[in-house]
Amino acid sequence: DIVGGVTAVGLEAGASVEAIKAAGETAEVVASKAEEEREVALAAEIEGKVVEDGAAEAELESEATEKGELAEEERLEAEAKEAAADGLLEEAEAEEVLAEEEEAAAADDE
């Protein structure tokens, strides 16, 4: 009976050690699972930021294109105004020459 009791105590001690090992392994699995979930959440967050950055980049590119087109339109308008001003200047110079010729002719007539 004493041998049986000692054997039972030994088996219980062995079972306790195994239970402690199993509990430790379970805790490691739970911790590992929690770490994995944190990493998945972090990856999703990073992916979301990449998508946002891509959208922001596309928007900035679109704005840059629009501003470039607007600048080109303004440049063409400025060139057209400059050409018109040059035309008016040439016309004014021609009128001035004509007026001087008319004055000279009028002076000769007197």
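Because the structure is predicted, anything quoted here is derived from the model rather than measured. (Residues numbered from 1 in each chain as written. Predicted model: local features only at pLDDT ≥ 70, side-chain atom pairs only at ≥ 80, totals over all residues. Heavy atoms only, no water.)

### Quick word on the overall build of the chain
Okay, step 1: Helix and strand counts for the chain stand at one helix and zero strands.
Okay, step 2: Relative to the 2.2 N^0.38 estimate, which gives 13 Å for 110 residues, the radius of gyration of the chain is 47 Å and therefore markedly larger than a compact globule would have.
Okay, step 3: When the 110 residues of the chain are sorted by exposure, 0% land in the buried category.
Okay, step 4: For the chain, the accessible area works out to roughly 9,400 Å², and carbon and sulfur atoms hold 59% of it.
Okay, step 5: Between the mean site of the 7 positive side-chain charges and the mean site of the 38 negative ones, the chain shows a separation of 23 Å. (Helix = DSSP H or I, 4+ residues; strand = E, 2+ residues; numbered from the N terminus. Rg over C-alpha atoms; globule rule 2.2 N^0.38 Å. Buried < 20%, exposed > 50% of the residue type's maximum accessible area, 1.4 Å probe, protein only. Areas by Shrake-Rupley, 256 points an atom, 1.4 Å probe, with all protein chains shown as cover. Lys, Arg positive; Asp, Glu negative; His and termini not counted. Charge placed at Lys NZ, Arg CZ, Asp CG, Glu CD.)

### Let's talk about a negative patch on the surface
Okay, step 1: Taken together, the side chains of Glu-82, Asp-86, Glu-90, Glu-93, Glu-96, Glu-100, Glu-101, Glu-102 and Glu-103 make up a negatively charged region of the molecular surface.
Okay, step 2: Looking at where Glu-100 falls in the secondary structure, it is placed in helix α1 (residues 2-109).
Okay, step 3: Residue Glu-100 is classed as partly exposed on the basis of its relative accessible area, which comes to 46%. (Patch = residues over 30% accessible without salt bridge, like charges linked within 9 Å, V, L, I, M, F, W, Y side chains within 5 Å. Salt bridge = Lys/Arg side-chain N within 4 Å of Asp/Glu carboxyl O.)

### Let's talk about the pattern of salt bridges
Okay, step 1: Tallied over the full model, the rule gives four salt bridges.
Okay, step 2: Between Arg-75 and Glu-72 there is a salt bridge; the shortest N-O distance is 2.5 Å. Taken together, the positions of Arg-75 and Glu-72, both in helix α1 and three residues apart, correspond to about one turn of that helix.
Okay, step 3: We classify Arg-75 as partly exposed; its relative accessible area is 38%.
Okay, step 4: Judged by its relative accessible area of 36%, Glu-72 is partly exposed.
Okay, step 5: Linked through salt bridges whose partners overlap, the residues forming this network are Glu-72, Arg-75 and Glu-79.

### Quick word on the environment of Ala-31
Okay, step 1: Structurally, the position occupied by Ala-31 is in helix α1.
Okay, step 2: Linking Ala-31 and Leu-42, residues 11 residues apart in sequence, is a C-alpha distance of 16 Å.

### Brief notes about a nonpolar patch on the surface
Okay, step 1: A cluster of nonpolar side chains, namely Leu-42, Ile-46 and Val-50, defines an oily patch on the protein surface of about 280 Å² accessible area.
Okay, step 2: Here Val-50 is to be found in helix α1.

### Examining the environment of Glu-63
Okay, step 1: Mapping Glu-63 onto the fold places it in helix α1.
Okay, step 2: A C-alpha to C-alpha distance of 20 Å links Glu-63 and Leu-76, two positions 13 residues apart in sequence.

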